[in-house]
Amino acid sequence: MRGFADRLNGIGISASAAMTDKASVLRAEGLKIISLSSGEPDFPTPSHAVEAAVEAARSGDTKYPPQAGKPALKKAIQAKFLRDNNLDYALDEILVANGAKQIIYNAMMATCNPGDEVVLPTPYWISYADIARLGGADIVQVPCPAENNFRLSAAALDAAITPKTKWLVLNFPNNPTGACCPRKDMEAIAEVLLKHEHVWIMTDDIYEHLVYDDFQFCTLAEVEPRLKDRVLTVNGVSKAYAMTGWRVGFCGGPRDLIAVMNNMQGQSTSGINTIAQAAAVAALEGPQDFLRERATEYQGRRDLVVSLLNAIPGVECHTPQGAFYVYPEISDCIGKTTPEGRHIQSDADFVMALLEEKQVATVQGAAYGMSPFFRISYATSIETLREGCRRIEEFVLSLK
Ligand code: PLP
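Keep in mind that what you see is a predicted model, and the values were worked out from it rather than measured.

**Q** Any details on the overall build of the protein chain? Residues and values, ideally.
**A** On a plain count of helices and strands, the protein chain comes out with 13 helices and 12 strands. For 400 residues, the compact-globule formula gives about 21 Å, and the C-alpha radius of gyration of the protein chain, at 21 Å, lands near that figure. Over its C-alpha atoms, taken along the principal directions, the protein chain stretches across nearly 60 × 55 × 50 Å. Counting across all 400 residues of the protein chain, residues that qualify as buried make up 49%.

Next comes the structure, spelled out in C-alpha cells:
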C-alpha cells in the first residue's frame, strides 16, 4: 500500500482525455487518426486577446494578482453578465479561477460534506460527478432521454430532490448532447427549485454563445431572480473565445459562497496568471460580432454531421441546438461483431473498435452516464468531419 487518499478511489483520467491520449499514441505510430473526441474549438484565439497578453507581459503586469481576480477583469465580467445575461453582480460576488473547471471544483469542495447529494441531469459532463465525489458527495442522476431531446423535465427534477440535496448542476447547451433549455422549460425548473429552499444551483453556461437556429439562450438567475441568492452562474472564455489554453473561468454568485470558494482557491492556486487575465479582459470587452459568425460556421458543421450520421442504418442522431457535440444512439450496433472479430457489447467497445479498426476517435456514452450512445465533437474542419463520418459508416455497415 502506497498510502494514496481514499477520496481518489474511482477517480481517473476523463474518457475524452483518455481517448485523445490513445489517438495521439496511434498517430505517433504513423496511423492517420480522425479526431472527433476533443471538446476544443479549432478556431484561433482572437488576435486582440493575444496582443493584450503580449502587452501585459511587456509592461510588467507580472506580479502576484489579487486572489479573486484583477479588478479590470472583474469589471469586464461584471459588464459581460449585465450585457449578455441581464444579471447584476457586485464585484465581490464575482470570482475568477483557472477555467470554469476550477470554479466548479472550488464550489463543490467548499460546500459538500459526506452524504450530501449532487443532482446531475444525465447525460452530464463527467467532471461534475468526479469533482462532487472528491468533495465526498453522492451523485443522483436524473435521466434526460433522447425522446425529450435530452431536456430536463421539471417533474423528473422534482422527484430527484431529497432533503440531502446540496447542488443541482444545470448545463445547457449541454456537453455531451448539445441540448438547450428553452425559457419555458427553465421557468418550470425554477418553479420546482423555489419549493426546495435548501438546494444550491450551479448553472454551467460555458456554451452560452454556441446556439443555433435562432435559439435564445437564458440562464436561471435571470429567468427567476428570486433564486439568484442560491445560484452560481458559471462561465469562461474557453469555448466561445477559443481560449481553452489560457485557463480563465469565472462565476457570479452570492457573496458568502464566493468568499468560501475564494478561500478554497487561496490554498491551491491563488489568483490566476496575470497575462491570461489581460487576454480575457480584451476578449470580453473587444468586438463580439465574431461569436455569431463562428456560431454560423458551427451550425453548418452540425447540419452536415447530423445528416451524414442519420444516413447510416443503425445510427440515430438528434439535431442539437447548441454546443459542438452530437450524441448519436447505437442500440442496433450492440451485440454485433466487427470484421476483426471484436464483440460490441457496449458503447465503450464500439468506440474502441472504431478507433482501432477505422482510426476515428470519439467518446463512449457510458462516460457521460447514458448508453448506448457515443459523443462526436464537430469542432473541427468540414473535411475531417466528412472523412470521419465516412469511416463511421463503413464501420457500422461492416458489423455482423
Ligand atoms: N463545463 C463544461 C460543460 C465543459 O464541457 C468544459 C470543458 O470541456 C468545461 C466546463 C471546462 O471549461 P474550462 O476550460 O473553462 O475549465
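Moving on, there is more to tell.
**Q** Tell me what's going on with the pairing of strand β5 (residues 165–170), and back it up with residues and numbers.
**A** Across the 6 residues that make up β5, a large majority, 5, are buried. Two elements, strand β3 (residues 117–122) and β5, share 3 bridges in a ladder whose sense is parallel. Its bridge partner being in β5, V118 is matched across the sheet by W167. Pairing geometry for β5 and strand β6 (residues 200–204), over 4 bridges, is parallel. Bridge pairing in β6 places L170 opposite T203. In this fold, the crossover linking β5 to β6 by way of helix α7 (residues 183–195) has right-handed handedness.

**Q** Give me the site of the ligand: which residues, what numbers.
**A** Near the ligand there are 13 residues, and of these G99, A100, K101, G236 and S238 occur at the shortest range. No other element matches the 3 residues that helix α4 (residues 99–111) contributes to the shell around the ligand.

**Q** I'd love a proper account of helix α13 (residues 382–398), names of residues and values included.
**A** With 17 residues, α13 ought to run about 24 Å at 1.5 Å a step, and its terminal C-alpha atoms sit 24 Å apart, in line with that. Within the sequence span of α13, burial applies to L385, G388, C389, I392, F395 and V396. Projected onto a plane normal to the axis of α13, the buried residues spread over an arc of 120 degrees and lie on a single side. Exposed side chains of α13 directed beyond 90 degrees from the buried face belong to E383 and L397.

**Q** Before we move on, can you summarise the nonpolar core with the specific residues and values?
**A** Looking at soluble globular proteins, one finds that nonpolar side chains tend to be buried together. One finds L95, I104, A279 and A280 to be the most contacted residues of the largest nonpolar core, which totals 128 residues. The element contributing the most residues to this core is helix α10 (residues 274–285), with 8 residues. Beyond its immediate sequence surroundings of up to four residues, A279 is in contact with A49, V50, A52, A53, M243 and W246.

**Q** Hey, could you go over the sheet that holds strand β12 (residues 374–377) for me, with residue numbers and the actual values?
**A** Taken in spatial order, the 3 strands of this open sheet run β9-β12-β11, and their pairing is antiparallel. With partners counted over all chains shown, the strands left at the sheet margins are β9 (325–326) and β11 (363–364), one partner each. Bridge analysis of β9 against β12 gives 2 bridges, and the strand direction is antiparallel. The residue of β12 that forms the bridge with Y325 is S377.

**Q** Talk me through the UniProt feature "domain: Aminotransferase class I/classII large" (unreviewed entry) in the protein chain; I want residue IDs and the actual numbers.
**A** On the UniProt side, "domain: Aminotransferase class I/classII large" (unreviewed entry) is annotated at positions that read residues 32–392 here. The distance separating the terminal C-alpha atoms of residues 32–392 is 15 Å; by composition the span is 39% helix and 14% strand.

**Q** Can you explain the pairing of strand β2 (residues 94–97)? Please cite residues and give values.
**A** Burial along β2 is two-sided: I94 and V96 and L95 and A97, pointing in opposite directions, are all buried. Where β2 and strand β8 (residues 249–252) come together, 4 bridges link them in antiparallel fashion. When the bridges of β8 are listed, V96 appears paired with F250.

**Q** Residue-level account of the packing of α4 against helix α9 (residues 255–266), with values.
**A** Closest axis-to-axis distance for the α4/α9 pair is 8 Å, and the angle between their directions is 105 degrees. Of the possible angle classes, the one that applies to α4 and α9 is roughly perpendicular. For the pair formed by α4 and α9, the contact residues are N106, A107, M109 and A110 on the first element and V260, M261, N263, M264 and Q265 on the second. For the contact of α4 with α9, a count of residues per class yields 6 nonpolar, 3 polar and no charged.

**Q** Could you give me a rundown of the sheet that holds β2, with the residues and numbers involved?
**A** Spatially, β2-β8-β7-β6-β5-β3-β4 is the arrangement adopted by the 7 strands of the open sheet, whose pairing is mixed. One side of each edge strand has no neighbouring strand; the edge strands of this open sheet are β2 and β4 (138–143). Each strand of the sheet is rotated relative to its neighbour by a mean of 20 degrees, with strand direction disregarded. With 4 bridges joining them, strand β7 (residues 231–236) and β8 adopt antiparallel strand pairing. Within β8, the position partnered with N235 by the bridge is F250.

**Q** Outline α7, listing residues and values.
**A** Here α7 contains 13 residues, and its C-alpha end-to-end distance of 19 Å stays within 8% of the 18 Å for a straight helix at 1.5 Å per residue. Among all positions in α7, only M186, I189, V192 and L193 are buried. Summarising the axial view, the buried residues of α7 lie within an arc of 115 degrees, below the 170-degree limit, and thus occupy one face. Turned more than 90 degrees away from the buried face of α7 sit R183, K184, E191, L194 and K195, all of them exposed. Looking at the packing, one finds that the buried side of α7 touches α6 (154–160), β6 and α8 (220–223).

About the criteria used
Residues numbered from 1 in each chain as written. Predicted model: local features only at pLDDT ≥ 70, side-chain atom pairs only at ≥ 80, totals over all residues. Helix = DSSP H or I, 4+ residues; strand = E, 2+ residues; numbered from the N terminus. Rg over C-alpha atoms; globule rule 2.2 N^0.38 Å. Buried ≥ 20, exposed ≤ 12 C-beta atoms within 10 Å, placed from the backbone. Pairing = 2+ DSSP bridges. Right-handed = clockwise from strand over helix to strand, strands pointing away. Near = placed C-beta within 6 Å. Expected span 1.5 Å × (residues − 1). Arc of directions from axis to C-beta. Core = buried A, V, L, I, M, F, W, Y, C linked by C-beta atoms within 7 Å. Contact = placed C-beta atoms within 7 Å. UniProt positions renumbered as here; feature names shortened; annotations may be inferred. Axes fitted to C-alpha atoms, helices over the stretch in contact; angles between N-to-C directions. Parallel < 35°, antiparallel > 145°, perpendicular 65-115°, else oblique. Nonpolar A, V, L, I, M, F, W, Y, C, P; charged D, E, K, R; others polar.

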